[in-house]
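Each chain, written out:
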Amino acid sequence: MKTLTALFTAAALTLTAGLAQADVRVDQIPELVKSGKIKPLEEMNQAALKLHPGATITDTDLDNHFNGYEYEVELRAADGVEWDVDFDATTGKVLSNKQDT
């Protein structure tokens, strides 16, 4: 019985962790912007490019975390170095700006 309880608990924690960090569907973004819950995607992309002039955006995701929405912008600089920039999607504040290793 203890094994079954442990397996159930592990499965529940895994599911909860996955839901806590789920990508927001693209079709949901306009409503979130309109309601003022997040900044527009293009605004965050432009902010990332200002941090890394001359770079190219390779991917942008909007995630819903326990503490709110977060944009994750991936860039590739002209020299090939890849960067990950994370923004608070509500305020636009840079949460992380690190070289992808």
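How each quantity is defined
- Within each chain, residues carry numbers counting from 1 in the order of the written sequence.
- Local features in a predicted model are, by the rule used here, given only for residues with pLDDT of at least 70; side-chain atom pairs are given and counted only at 80 or more, and totals for whole chains, interfaces and linings are based on all residues.
- As a convention, hydrogens and water are excluded, and side-chain values are obtained from all of the structure's heavy atoms.
- Under the DSSP-based scheme used, a helix requires at least four consecutive residues in state H or I and a strand at least two consecutive residues in state E, with every element numbered from the N terminus.
- Exposed residues in this analysis have more than 50% of their type's maximum accessible area, buried residues have under 20%, and partly exposed residues fall in between, with area computed by a 1.4 Å probe over protein chains only.
- Only heavy atoms matter for contacts: two residues are in contact if any of them lie within 4.5 Å across the pair.
- For our purposes a nonpolar core is just a set of buried Ala, Val, Leu, Ile, Met, Phe, Trp, Tyr and Cys residues, chained together by side-chain atoms within 4.5 Å.
- Strand pairing follows a simple DSSP-based rule, namely that at least 2 bridges must link the two strands.
- We define a salt bridge as a side-chain nitrogen of Lys or Arg found within 4 Å of a carboxyl oxygen belonging to Asp or Glu.

Enquirer: So what exactly am I meant to see when it comes to the environment of D23 here?
Expert: For D23, the location among the structural elements is in strand β1 (residues 22-23). Judged by its relative accessible area of 51%, D23 falls in the exposed class. Measuring from C-alpha to C-alpha, the distance between D23 and H65 comes to 9.1 Å, with 42 residues separating the pair along the chain. Aside from chain neighbours lying at most four places away, what touches D23 is D61, L62 and D63.

Enquirer: In this structure, what is going on with the nonpolar core? I would like to understand it.
Expert: Side chains of a nonpolar character, in soluble globular proteins, are inclined to be buried together. In this structure, I38, L62, Y71, L75 and F87 are the most contacted members of the largest nonpolar core, which totals 14 residues. Secondary structure elements with two or more residues in this core: α2 (29-34), α3 (41-51), β3 (68-76) and β4 (82-88). Looking at this core element by element, the count peaks at three residues for β3. Once you skip the residues sitting within four places of it in the chain, L75 turns out to touch A48, L49, H52, A55, T56, I57, T58, V81, E82, W83 and V85.

Enquirer: What am I meant to see in the pairing of β4 here?
Expert: Across a regular strand the side chains alternate sides, sitting on one face of the sheet and then on the other. Summarising the sheet, β3 and β4 pair through seven bridges and their orientation is antiparallel. Of the residues in β4, the one forming a bridge with E74 is D84. Joining the antiparallel neighbours β3 and β4 is a turn of five residues, in which G80 adopts a positive phi near 95°. Two strands pair when backbone bridges link them, and β4 and strand β5 (residues 94-99) are joined in this way by five bridges, in the antiparallel orientation. Across the sheet, residue W83 finds its bridge partner in β5, namely Q99. Linking β4 back to β5 in an antiparallel pair, the connection comprises five residues, with G92 at a positive phi of about 85°.

Enquirer: For this particular structure, what's the right way to read the pattern of salt bridges?
Expert: Once their charged atoms are close, side chains differing in charge can pair, the charge on each being opposite to the other. If you walk through the whole model with that rule in mind, you get three salt bridges. Put simply, D27 and R25 hold a salt bridge, and the shortest N to O gap is 3.0 Å. Here D27 and R25 have matching classes, each one exposed. A salt bridge links K39 to E43; its shortest N-O distance comes to 3.8 Å. A residue is classified by how much of its surface remains accessible, and K39, at 25% relative accessible area, is partly exposed. With a relative accessible area of 39%, E43 lands in the partly exposed category.

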